[in-house]
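Chain by chain, the residues:
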Amino acid sequence: MSAPNATVHIRPLDPLGHAELIHRWVTHPKAAFWMMQDARLEDVERAYMAIAANPHHDAFVGSVDGEPAFLMERYDPAEAELVGLYEAEPGDVGMHFLVAPTDTPVHGFTRLVITAVMRELFADPATARVVVEPDVRNTAVHALNAAVGFVPEREIQKPEKKALLSFCTRAQFEAATAAVEASA
């Protein structure tokens, strides 16, 4: 995996073609908050085929310098994941991301990934703010989210977890990334 000046590409996930790769990622101990630790390959195929069939949820594979490196999901929180848990606004886009496990971590790599994911989401002019709902215990991702501009609103109870509902507007993201670039 590369340093933060790497080239990132994001493409649609092929539920069958990428299943073995994604299965290794989502069942790795470092992906505990993805809640698929015991998933079989068929379970991963089924889960991502369901996402592919859902008009309100999309999955993508991201590569860094040509190597598959992360999973990204985009969803409409008014139609999936957060229905009834908060008042969705026009332009809200939900997001999940998972960085591939590695034995040789690179400083700044996860920050590179979340920044690329956010840029991809805000590349759509209709996106006004990004919504996330990580597990309240996932302090590492809370810090990462804050670093790119997310502001926690409140804890919510989802069927599978207690989550920290957080939002990031385009302006908050731009300010956070400008601050990092200015200090570099």
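Residues numbered from 1 in each chain as written. Predicted model: local features only at pLDDT ≥ 70, side-chain atom pairs only at ≥ 80, totals over all residues. Heavy atoms only, no water.

### Side note on the pattern of salt bridges
No. 1: This model, assessed by the stated rule, comprises 12 salt bridges.
No. 2: In this structure, Arg40 engages Asp43 in a salt bridge whose closest nitrogen and oxygen atoms are separated by 3.1 Å.
No. 3: By relative accessible area, which is 48% here, Arg40 ends up partly exposed.
No. 4: Between Arg129 and Glu89 there is a salt bridge whose closest N-O contact spans 3.6 Å. With Arg129 in strand S5 (residues 129-132) and Glu89 in the loop between strand S3 (67-75) and strand S4 (92-99), this pair connects stretches of sequence that are 40 residues apart. (Salt bridge = Lys/Arg side-chain N within 4 Å of Asp/Glu carboxyl O. Buried < 20%, exposed > 50% of the residue type's maximum accessible area, 1.4 Å probe, protein only. Helix = DSSP H or I, 4+ residues; strand = E, 2+ residues; numbered from the N terminus.)

### A closer look at the nonpolar core
No. 1: Core analysis: the largest hydrophobic core is formed by 26 residues, its most contacted members being Met95, Phe97, Val117, Met118 and Phe150.
No. 2: Of all the secondary structure elements, the ones that give two or more residues to this core are strand S2 (57-64), S3, S4, helix H3 (109-122), S5 and helix H4 (139-147).
No. 3: Per-element tally for this core: the top contributor is H3, with eight residues.
No. 4: In contact with Met118, other than residues within four places in its own chain, are Met95, Val130, Val148, Phe150, Cys168 and Phe173.
No. 5: Ile22, Trp25, Met36 and Ala100 belong to the second-largest nonpolar core, a separate cluster that totals 17 residues. (Core = buried A, V, L, I, M, F, W, Y, C linked by side-chain atoms within 4.5 Å. Contact = heavy atoms within 4.5 Å.)

### Comments concerning the packing of aromatic side chains
No. 1: Using the criterion set out here, one finds two aromatic pairs in the structure.
No. 2: Seen from their ring centres, Tyr86 and Phe167 are 5.4 Å apart, and the 55 degrees between their planes marks the pair as tilted. Separated by 81 residues along the polypeptide, Tyr86 in the loop between S3 and S4 and Phe167 in strand S7 (residues 162-169) bring together distant segments of the chain.
No. 3: Assessed through its relative accessible area of 11%, Tyr86 is described here as buried.
No. 4: Among the residues examined, Phe167 registers a relative accessible area of 6% and is labelled buried. (Phe/Tyr/Trp six-rings, centres within 6.5 Å; stacked < 30°, edge-to-face > 60°.)

### Notes on the sheet that holds S4
No. 1: Read across the sheet, seven strands follow the order S1-S2-S3-S4-S5-S7-S6 without closing on themselves; strand pairing throughout is mixed. Each edge of the open sheet is held by one strand with a lone partner, namely strand S1 (8-12) and strand S6 (151-157). Averaged over all pairs of adjacent strands, the angle between their axes in this sheet comes to 30 degrees, without regard to strand direction.
No. 2: Two strands pair when backbone bridges link them, and S2 and S3 are joined in this way by eight bridges, in the antiparallel orientation. Along S3, the bridge assignment pairs Ala59 with Glu73.
No. 3: In the packing of H3 onto the sheet, the strands contacted are S1, S2, S3, S4, S5 and S7, and the crossing angle to S4 comes to about 150 degrees. (Pairing = 2+ DSSP bridges. Axes fitted to C-alpha atoms, helices over the stretch in contact; angles between N-to-C directions.)

### Description of the confidence of the model for the protein chain
No. 1: Put simply, the protein chain has an average pLDDT of 93, and 95% of its residues get 70 or more.
No. 2: For the protein chain, the element scoring lowest by mean pLDDT is helix H5 (residues 170-183), at 84; S5 scores highest, at 98. (pLDDT = per-residue confidence, 0-100.)

### A short note on H3
No. 1: Taking 1.5 Å of rise per residue, the 14 residues of H3 would be expected to cover 20 Å, and the 20 Å separating its terminal C-alpha atoms lies within 8% of that figure.
No. 2: Burial analysis of H3 places 10 of its 14 residues in the buried class, which makes it a mostly covered element.
No. 3: Taken together, the buried positions of H3 are occupied by Phe109, Leu112, Val113, Ile114, Thr115, Ala116, Val117, Met118, Leu121 and Phe122. (Expected span 1.5 Å × (residues − 1).)

### Quick look at the environment of His107
No. 1: Looking at where His107 falls in the secondary structure, it is placed in the loop between S4 and H3.
No. 2: It is 32 Å that separates the C-alpha atoms of His107 and Leu82, two residues lying 25 residues apart in sequence.

### Describing the layout of surface pockets
No. 1: There is about 1,100 Å³ of room inside the largest pocket.
No. 2: Lining the largest pocket are 41 residues, with Trp34, Phe97, Leu98, Val99 and Asn138 positioned closest to its centre.
No. 3: Sorting the residues of the lining of the largest pocket by element identifies helix H2 (41-53), S4, H3 and H4 as the ones contributing at least two each.
No. 4: For the lining of the largest pocket, the residue count by class is 24 nonpolar, eight polar and nine charged. (1 Å grid on protein atoms, 1.4 Å probe; cavity = no way out; pocket = protein on both sides within 12 Å on 5 of 7 lines; lining within 4 Å. Points joined across faces, edges and corners; volume = space filled by probe spheres on them. Nonpolar A, V, L, I, M, F, W, Y, C, P; charged D, E, K, R; others polar.)

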